[in-house]
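Chain residues, written in single-letter form:
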Amino acid sequence: YEVVEEEKIPGSRVRFKLKLTEAAIAGRLDETFNEFGKSVRLPGFRPGKAPKNLVRRQFEGPAREETVKRLVGRLT
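Below, the structure is looked at part by part.

Cut-offs and rules
- Residues numbered from 1 in each chain as written.
- Predicted model: local features only at pLDDT ≥ 70, side-chain atom pairs only at ≥ 80, totals over all residues.
- Heavy atoms only, no water.
- Helix = DSSP H or I, 4+ residues; strand = E, 2+ residues; numbered from the N terminus.
- Expected span 1.5 Å × (residues − 1).
- Bend = angle between axes of the 7 residues up to and from the residue.
- Buried < 20%, exposed > 50% of the residue type's maximum accessible area, 1.4 Å probe, protein only.
- Core = buried A, V, L, I, M, F, W, Y, C linked by side-chain atoms within 4.5 Å.
- Contact = heavy atoms within 4.5 Å.
- Salt bridge = Lys/Arg side-chain N within 4 Å of Asp/Glu carboxyl O.
- Pairing = 2+ DSSP bridges.

Further remarks concern helix α1 (residues 22-39). Between its first and last C-alpha atoms α1 spans 25 Å; for 18 residues at 1.5 Å apiece the expected length is 26 Å, and the two agree. Of all the bends in α1, the largest measures some 25° and sits at R28. Every buried residue belonging to α1 is among I25, L29, T32, F33, F36 and G37, and all of these are buried.

Below you can see the structure in the form of structure tokens.
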């Protein structure tokens, strides 16, 4: 990650704007898809048994958001 902007806000806090590389996200994204695959329900499949490519297609956005939250959470 790269710190793009740093802003001091009231309450002795600092707000950072970070830039994450696609390479940093890609490795963690696979982990997130594996976790999603264990818990999501898709029509025609038992819970946790849906093929990874269907899980990826259906939950690309939420998985990417969750991955970024996890990466940023580790940085703070």
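Right, let's talk about the nonpolar core for a bit. Counting residues in hydrophobic clusters, the biggest one holds 9 residues: L29, F33, F36, V40, L42, A50, V55, F59 and A63. When residues in this core are grouped by element, the largest group, 3 residues, is from α1. When neighbours within four sequence positions are excluded, V55 is seen to be in contact with F33, F36, G37, V40, L42, A50 and E60.

According to the stated counting rule, one finds 7 salt bridges in the structure shown. Across the salt bridge formed by E35 and R70, the nearest N and O atoms sit 2.7 Å from each other. With E35 in helix α1 and R70 in helix α3 (residues 60-75), this pair connects stretches of sequence that are 35 residues apart. On the basis of relative accessible area, R70 is assigned to the partly exposed category, the value being 29%. A salt bridge links R64 to E60, with the nearest nitrogen and oxygen atoms 3.5 Å apart. You can see R64 and its partner E60 sitting in helix α3, 4 residues apart, about one turn around the helix.

Consecutive side chains along a regular strand alternate between the two faces of the sheet. Relative to strand β2 (residues 13-19), strand β1 (residues 2-9) is paired through 7 bridges, and the arrangement is antiparallel. Residue pairing across strands places I9 opposite R13, the latter belonging to β2. The antiparallel pairing of β1 with β2 creates a hairpin that spans 3 residues between the two strands, and G11 there sits at a positive phi of about 90°.

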